[in-house]
Amino acid sequence: MKFNPPLQSATLLKRYKRFLADLVTQDNQQFTAHCANTGKMTGCAEPGFNAFYSSSDNPKRKYPQSLQLTQNQHGHLICVNTAVANQVVQEALENHLIKQLDGYDTLQAEVKYGQENSRIDFLLTAENTAHCYVEVKSVTLLSEEKPETGQGYFPDAKTVRGQKHLRELIEMVQQGHRAVLLFAVLHQGINTVSGASHIDAKYSELLVHAVDCGVEVYAYKAEISASHIVLAEEVPFIA
């Protein structure tokens, strides 16, 4: 996924009210940007972090700028726009970059499925092949205690919605389909992904159960810059 034009740089002053972030440019121009992230953004939005933003020419937007990336004290770039995860995964699927999910003819996004009123991020189909249901999760939580280990976690806050998605994936396996949980690692410092049992023990327990039931779990790390983001390599998932 390309940022066109490339992102502009600033300094993050604060993130607040979930969807807002105050930034200041090098020439001391201060403004408020939209922040498309409902999570806690732990370790991703500290005051003083470098920030990278895009601008929209849509006159109807109250906040024309959007916060896309931050850079932490270790120099790691982090994509904080959660909508990007699905975009880079779709590009990766279309470009056959995820070897475990290659060989399908059709890709559909946001398809209704399951018994709990859900929508799957991507449904992959091919003739004479079991349907493949792919749920995407963005991973940006790096271990705070030992960041040098590169250990990443999901989720960064308790997620009832995430638990529902795991139940739906389990149901798809029981119906004879493939079900895949794909962690899109959008943090340069993360090299391994695990369930965050210290944050949401129920989700982590359900994640282990989902794996035991046959849900496939993969983690792919993105290459991140102010000009583009692309899924580049598989990294270990350790439940």
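Since this is a predicted model, take the numbers as computed values, not measurements. (Residues numbered from 1 in each chain as written. Predicted model: local features only at pLDDT ≥ 70, side-chain atom pairs only at ≥ 80, totals over all residues. Heavy atoms only, no water.)

Draft legend 1. Quick look at the overall build of the chain. In terms of regular secondary structure, the chain is built from three helices and 15 strands. Computed over the C-alpha atoms, the radius of gyration of the chain is 18 Å, within 12% of the 18 Å expected from 2.2 N^0.38 for a compact globule of 239 residues. Projected onto its principal axes, the C-alpha coordinates of the chain cover approximately 60 × 40 × 30 Å. Of all intrachain contacts in the chain linking residues separated by at least 6 positions in sequence, the fraction that spans at least 24 positions is 61%. Element-wise, carbon and sulfur atoms account for 46% of the exposed surface of the chain, whose accessible area totals about 11800 Å². Each charge class in the chain was averaged separately, 21 positive and 26 negative side chains, and the resulting centres sit 9 Å apart. (Helix = DSSP H or I, 4+ residues; strand = E, 2+ residues; numbered from the N terminus. Rg over C-alpha atoms; globule rule 2.2 N^0.38 Å. Contact = heavy atoms within 4.5 Å. Areas by Shrake-Rupley, 256 points an atom, 1.4 Å probe, with all protein chains shown as cover. Lys, Arg positive; Asp, Glu negative; His and termini not counted. Charge placed at Lys NZ, Arg CZ, Asp CG, Glu CD.)

Draft legend 2. Broad picture of the pairing of strand β3 (residues 30-34). Across the two faces of β3 the burial differs, with Phe31 and Ala33 buried and Gln30, Thr32 and His34 not buried at all. With antiparallel pairing between neighbouring strands as the criterion, strand β2 (residues 20-24) and β3 make up a hairpin whose turn holds five residues, including Asn28 at a positive phi of roughly 70 degrees. (Buried < 20%, exposed > 50% of the residue type's maximum accessible area, 1.4 Å probe, protein only. Pairing = 2+ DSSP bridges.)

Draft legend 3. How the structure looks around the sheet that holds strand β10 (residues 141-142). In space, the three strands of this open sheet follow the order β10-β11-β13, with mixed pairing throughout. In the strand order of this sheet, the two ends are held by β10 and β13 (192-195), each with one partner.

Draft legend 4. Representation of helix α1 (residues 83-94) in the model. The end-to-end C-alpha distance of α1 is 17 Å, a good match for the 16 Å that twelve residues give at a rise of 1.5 Å each. Those residues of α1 that fall on the buried side of the exposure criterion are Val84, Ala85, Val88, Val89, Ala92 and Leu93. The arc enclosing the buried residues of α1, seen along the axis, measures out at 170 degrees, which places them on a common side. His96 lies just past α1 and shows a positive phi near 60 degrees. (Expected span 1.5 Å × (residues − 1). Arc of directions from axis to C-beta.)

Draft legend 5. Focus on the environment of Val235. Residue placement: Val235 occurs in strand β15 (residues 229-235). Residue class for Val235 comes out buried when judged on its relative accessible area of 7%. In this structure the C-alpha to C-alpha distance between Val235 and Thr192, which are 43 residues apart in sequence, comes to 5.8 Å. Aside from chain neighbours lying at most four places away, what touches Val235 is Val185, Asn191, Ala219 and Lys221.

Draft legend 6. Structural context of the nonpolar core. Within the largest apolar cluster, 32 residues are counted, with the highest numbers of intra-cluster contacts made by Val89, Ile98, Leu101, Val134, Ile229 and Leu231. With six residues, α1 is the largest single contributor of residues to this core. Apart from the residues lying within four places of it in its own chain, the contact partners of Ile98 are Ala92, Leu93, Leu182, Tyr220 and Leu231. With 28 residues, the next largest nonpolar core counts Val111, Ala179, Val185 and Val235 among its residues. (Core = buried A, V, L, I, M, F, W, Y, C linked by side-chain atoms within 4.5 Å.)

Draft legend 7. Layout of the packing of aromatic side chains. Applying the stated rule across the entire model yields five aromatic pairs. Here the aromatic rings of Phe31 and Tyr53 are separated by 5.0 Å at their centres, their planes lie at 65 degrees, and the arrangement is edge-to-face. Here the residue Phe31 occupies a position in strand β3, and Tyr53 occupies one in strand β4 (residues 50-55), the gap between them amounting to 22 residues. Given a relative accessible area of 7%, Tyr53 falls into the buried group. Among the aromatic residues, those joined into a cluster by ring pairs are Phe154, Phe183, Tyr203 and Phe237. Over the face of the ring belonging to Tyr16 we find Lys14, whose NZ or CZ atom lies 4.8 Å from the ring centre. (Phe/Tyr/Trp six-rings, centres within 6.5 Å; stacked < 30°, edge-to-face > 60°. Lys NZ or Arg CZ within 6 Å of the ring centre and 35° of its normal.)

Nothing here speaks to function; it is all geometry.
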